[in-house]
Amino acid sequence: MPRFAQLVMGPAGSGKSTYCSTMIQHLESLNRSAQVVNLDPAAEYFDYPVMADIRELIQVDDVMEDASLRFGPNGGLVFCMEYFANNFDWLEESLGHVEDDYILFDCPGQIELYTHLPVMRQLVEQLHQWEFRVCGVFLVDSQFMVESFKFISGVMAALSAMVSLEIPQVNIMTKMDLLNPKAKKEIEKYLDPDMYSMMEDNSDTIRSTKFKKLTSAICGLIDDYSMVRFLPFDRTDEEGINIVLQNIDFSIQYGEDLEFKEPKETEEEPANLNYDEAFQDKGDS
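On a predicted model such as this, the values are computed, not experimentally measured, just so you know.

### Observations regarding the overall build of the protein
Part 1 of the reasoning: What the protein contains, in helices and strands, is 11 helices and seven strands.
Part 2 of the reasoning: Taken over 285 residues, the protein has a buried fraction of 45%.
Part 3 of the reasoning: For the protein, long-range pairs separated by at least 24 residues make up 74% of all intrachain contacts whose partners lie at least 6 apart in sequence.
Part 4 of the reasoning: Split by element, the accessible area of the protein, about 15,800 Å² in all, is 49% carbon and sulfur.

As structure tokens, this is what we get:
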């Protein structure tokens, strides 16, 4: 049977660890088993248990303190991820092999990992070899996206990850619960945006004709091919969380290979109800 994975990505501060914590709690409420793997070697704190932690393999602080390397925070993180890519056997051993695994990978926030470095793509290819169906979950902070040009920047970051990894991707606006009512109403137009209208509304703020044409071309490309859409994520809204989960599950076809299980008889159900006969009757009709 296949295994399933969410690759939780997004800029630093976009709420990846909070998303993982909320999603794990939601899955537990649905009686579904799920685990989290921390892939951020610079992580300091998370409020959920992890089945594997990259910091057991390598940490950014240790790399930065190495006098022979002399890396800063970003260089140290890139070094850690490249070291991780050369030691995927550690991850394989940590994951084991349980049928129907559902794992959330909490990834680092440095955008270069999803643009011009091969590490995350190598990870995806390795997960595919281990029979994982992988969905990218790209998070952006809704508080950052309430202005048109910031929104376009967020769209381009999400699109960059889509192009680089070539896996199904669900894009999410996080921290909706932190927005005031006015901002919530304003951000609704960004969830399923009309890029042409957005460009027209802000055409007066672009002084350069060259960049106005470039921005218009980018907006047209995104709009014409329906490349990027966002789902809202409010950690206090169970129904909204479930909609996000359903979109992710659909993209990786979760549940399609699960065996059919007969419902348990309860006192309210007729004792002589034969489910096999019921399904046979449907097939005959």
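### Some remarks on the pairing of strand β2 (residues 35-38)
Part 1 of the reasoning: As defined by bridge partners, β2 adjoins strand β4 (residues 102-106) across four bridges and the pair is classed as parallel. Across the sheet, residue Asn-38 finds its bridge partner in β4, namely Asp-106.
Part 2 of the reasoning: Looking at chain direction, β2 and strand β3 (residues 52-53) are connected through two bridges and run parallel. Residue pairing across strands places Asn-38 opposite Asp-53, the latter belonging to β3.

### Here's the deal with the nonpolar core
The tendency in soluble globular proteins is for nonpolar side chains to be buried side by side.
Part 1 of the reasoning: Among the nonpolar cores identified, the biggest contains 59 residues, and Leu-7, Phe-105, Met-120 and Met-173 are the most heavily contacted of them.
Part 2 of the reasoning: Not counting residues within four places of it along the chain, the set of residues in contact with Phe-105 comprises Ala-5, Gln-6, Leu-7, Val-8, Val-37, Leu-39, Leu-91, Leu-95 and Leu-127.
Part 3 of the reasoning: One finds Cys-20, Leu-27, Phe-233 and Val-244 within the second-largest nonpolar core, a separate group that totals 26 residues.

### A few points about the pattern of salt bridges
Part 1 of the reasoning: As enumerated under the stated definition, the model contains seven salt bridges in all.
Part 2 of the reasoning: Among the salt bridges present, the one from Asp-53 reaches Arg-55, with a minimum N-O distance of 2.8 Å.
Part 3 of the reasoning: Across the pair Arg-121 and Glu-125 runs a salt bridge whose closest N-O atoms are separated by 3.5 Å. Here Glu-125 and Arg-121 lie together in helix α5 (residues 119-129), a separation of four residues that amounts to about one turn.

Conventions and cut-offs
Residues numbered from 1 in each chain as written. Predicted model: local features only at pLDDT ≥ 70, side-chain atom pairs only at ≥ 80, totals over all residues. Heavy atoms only, no water. Helix = DSSP H or I, 4+ residues; strand = E, 2+ residues; numbered from the N terminus. Buried < 20%, exposed > 50% of the residue type's maximum accessible area, 1.4 Å probe, protein only. Contact = heavy atoms within 4.5 Å. Areas by Shrake-Rupley, 256 points an atom, 1.4 Å probe, with all protein chains shown as cover. Pairing = 2+ DSSP bridges. Core = buried A, V, L, I, M, F, W, Y, C linked by side-chain atoms within 4.5 Å. Salt bridge = Lys/Arg side-chain N within 4 Å of Asp/Glu carboxyl O.

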